[in-house]
Amino acid sequence: MIRDIQLFWDGLPKKKISLMCRKYGIAMLTLKKYISMTDEEINGMDAPKSYKTRKRAGNDFVNIIYKMIADRYDDEIIYQYLRKSGVSNSRSNLCDYIQAII
């Protein structure tokens, strides 16, 4: 699509950004960015960027909460189980996780 925009832009006798915005249905700043992109930048968009997954406090026990809720355990039982399992988060933090899942 970006190459189509660039070809269309190059073929226009009168360069009108508003015409291009209406034709392609994109914002003016996006259109200007697309017009000024090099071939290397366009080719770089083909491969997805790899991002590190962020480590969250609840990653270790969220699955346990999901399974216990699916088995219809009470919130207090889930909380006590997590405590016995060695989860050291505060009570309010664990309750927030439980409530967010419910």
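These figures come from a predicted structure and were not determined experimentally.

1. Overview of the packing of aromatic side chains
Here is step 1: Enumeration according to the criterion identifies 2 aromatic pairs in this entry.
Here is step 2: Ring centres 6.2 Å apart and planes at 80 degrees place the aromatic pair phenylalanine 8 and tyrosine 24 in the edge-to-face group. Separated by 16 residues along the polypeptide, phenylalanine 8 in helix 1 (residues 2–11) and tyrosine 24 in helix 2 (residues 17–24) bring together distant segments of the chain.
Here is step 3: Classification of phenylalanine 8 by relative accessible area gives partly exposed; the value is 29%.
Here is step 4: Assessed through its relative accessible area of 23%, tyrosine 24 is described here as partly exposed.
Here is step 5: Between phenylalanine 61 and tyrosine 97, the aromatic rings sit 5.2 Å apart at their centres with planes inclined by 80 degrees, giving edge-to-face as the arrangement.

2. Some details on the confidence of the model for the chain
Here is step 1: Confidence in the prediction for the chain averages 85 pLDDT; 98% of positions are at 70 or higher.
Here is step 2: The secondary structure element of the chain with the lowest average pLDDT is helix 7 (residues 91–101), at 83, and the one with the highest is helix 3 (residues 28–36), at 91.

3. As for the packing of helix 2 against helix 3
Here is step 1: At a minimum axis distance of 10 Å, the contact between helix 2 and helix 3 shows a crossing angle of 100 degrees. Our classification of the angle between helix 2 and helix 3 gives roughly perpendicular. Where helix 2 approaches helix 3, its residues Ile17, Met20 and Cys21 are matched on the opposing element by Met28, Leu31, Lys32 and Ile35.
Here is step 2: Residues that form the contact of helix 2 with helix 3 fall into these classes: 6 nonpolar, no polar and 1 charged.

What counts, and where the lines are drawn
Every chain is numbered on its own, with residues counted from 1 as its sequence reads. Since the coordinates come from a predicted model, pLDDT governs what is reported: local features require at least 70, and pairs of side-chain atoms require 80 or more to be given and counted, while whole-chain, interface and lining totals use all residues. Values reported for side chains reflect all heavy atoms of the structure, with hydrogen atoms and water molecules removed beforehand. Classification of ring pairs uses Phe, Tyr and Trp, with its six-membered ring standing for Trp, and accepts pairs whose centres are within 6.5 Å; under 30 degrees between planes counts as stacked, over 60 as edge-to-face, and the remaining range as tilted. What counts as a helix is a DSSP run of H or I of at least four residues, what counts as a strand is a run of E of at least two, and both are numbered from the N terminus. A simple rule labels every residue: compare its accessible area, found with a 1.4 Å probe on the protein chains alone, to the largest value its type can have, and call it buried under 20%, exposed over 50%, or partly exposed in between. For every residue, the predictor assigns a confidence score, pLDDT, that lies between 0 and 100. Between the N-to-C directions of two axes lies an angle of 0 to 180 degrees, each axis being a line fitted to C-alpha atoms and, for a helix, fitted only over the stretch in contact. In these notes the angle categories are as follows: under 35 degrees is roughly parallel, over 145 is roughly antiparallel, 65 to 115 is roughly perpendicular, and the rest is oblique. Residues are treated as being in contact if the distance between any of their heavy atoms lies within 4.5 Å. The residue classification treats Ala, Val, Leu, Ile, Met, Phe, Trp, Tyr, Cys and Pro as nonpolar and Asp, Glu, Lys and Arg as charged. All others, Gly included, are polar.

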